[in-house]
Amino acid sequence: RDASDEGMRAQGSPERFSRQSFCSDGSHFCTVPYDAKGKPCFHAAVRDVQHWQSSGRLLLGHTGAVNMAAFAPDDCTVVTGSSDGTAKVWNGFTGEVLHTLEGHRGPVMRALFSQPV
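One numbering rule holds for all chains: residues counted from 1, following each sequence as written. Local features in this predicted model are restricted to residues of pLDDT 70 or higher, and side-chain atom pairs are both shown and tallied only at a pLDDT of 80 or more, whereas totals for entire chains, interfaces and linings draw on every residue. With hydrogens and water set aside, each side-chain value is computed from the structure's full complement of heavy atoms.

(A) Region of interest: unusual backbone geometry. Non-glycine residue Asp75 carries a positive phi angle of around 65°. Following the sequence through the fold, Asp75 ends up in the loop between strand 6 (66–71) and strand 7 (77–82). What counts as a helix is a DSSP run of H or I of at least four residues, what counts as a strand is a run of E of at least two, and both are numbered from the N terminus.

(B) Just the packing of aromatic side chains, in detail. Aromatic pairs are defined between Phe, Tyr and Trp rings, using the six-membered ring for Trp, whenever the two ring centres lie within 6.5 Å; interplanar angles under 30 degrees are classed as stacked, those over 60 as edge-to-face, and all others as tilted. All chains considered together, the criterion is met by two aromatic pairs. Seen in terms of ring centroids, Phe22 and Phe29 are 5.5 Å apart; in terms of plane orientation they differ by 35°. Their pairing is tilted. Residue burial is assigned from relative accessible area. The probe radius is 1.4 Å, only protein chains are included, and a residue is buried under 20% of its type maximum, exposed over 50%, and partly exposed in between. For Phe29, a relative accessible area of 6% gives the class buried. Look at Phe71 and Phe93: their rings are 6.4 Å apart centre to centre, the planes differ by 35°, and that puts the pair in the tilted class. Residue Phe71 is located in strand 6, and its partner Phe93 is located in the loop between strand 8 (87–91) and strand 9 (97–101); the two are separated by 22 residues in the primary sequence. What makes Phe71 buried here is its relative accessible area of 9%.

(C) Layout of the state of the cysteines. Two cysteine sulfurs form what is called a disulfide whenever their separation falls within 2.5 Å. Scanning the entire structure with this criterion turns up zero disulfides. Left without a disulfide partner, Cys23 is nearest to the cysteine sulfur of Cys30, which lies 9.0 Å away.

(D) Broad picture of the confidence of the model for the protein chain. As a per-residue measure, pLDDT tells how confident the predictor is, with possible values from 0 to 100. Within the protein chain, residue pLDDT values average 80, and 79% of them lie at 70 or more. Per-element confidence in the protein chain ranges from a low mean pLDDT of 40 for strand 1 (residues 8–9) to a high of 96 for strand 9. Across residues 1–15 the pLDDT falls below 50, and counting only partners more than four positions away or on other chains, this stretch makes 38 contacts in the model. Whether two residues are in contact is decided by their heavy atoms, any of which lying within 4.5 Å being enough.

So this is what it looks like as C-alpha cells:
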C-alpha cells in the first residue's frame, strides 16, 4: 500500500515524510523523512503505526538522498532507491542490508516489489 503523496505530514507531527509505504496488515510503515531544509534524508525508517512518533528502525547506508522506500509482500523486507545510484534491500526490522543493487547510471527514483502471482 503506497501512500506516496509528496510532503505528507502525519497528524500532529512537525516531521514531513517524502514517501510512505505500509505493510499489508497496516501495523508498520516505512518512510523517507525530509530534513529541516525540505530535502529527503540519506536514510529511511520503519515505524510502528501505534508509536509513529518514535524514530523507529533507521535504515542507514545510502550516501545520497533516499527517494523511495517500500515494503515487500512479506511485510518484513524493504527496498530503498537513492540518489547515490543504488537500490538497497533491507530487513526492515533489524536494519540489516541484505543486497545492494549497483550499476544504475543515475539516481534511483523509484524502487518497488512486484506482487506475487
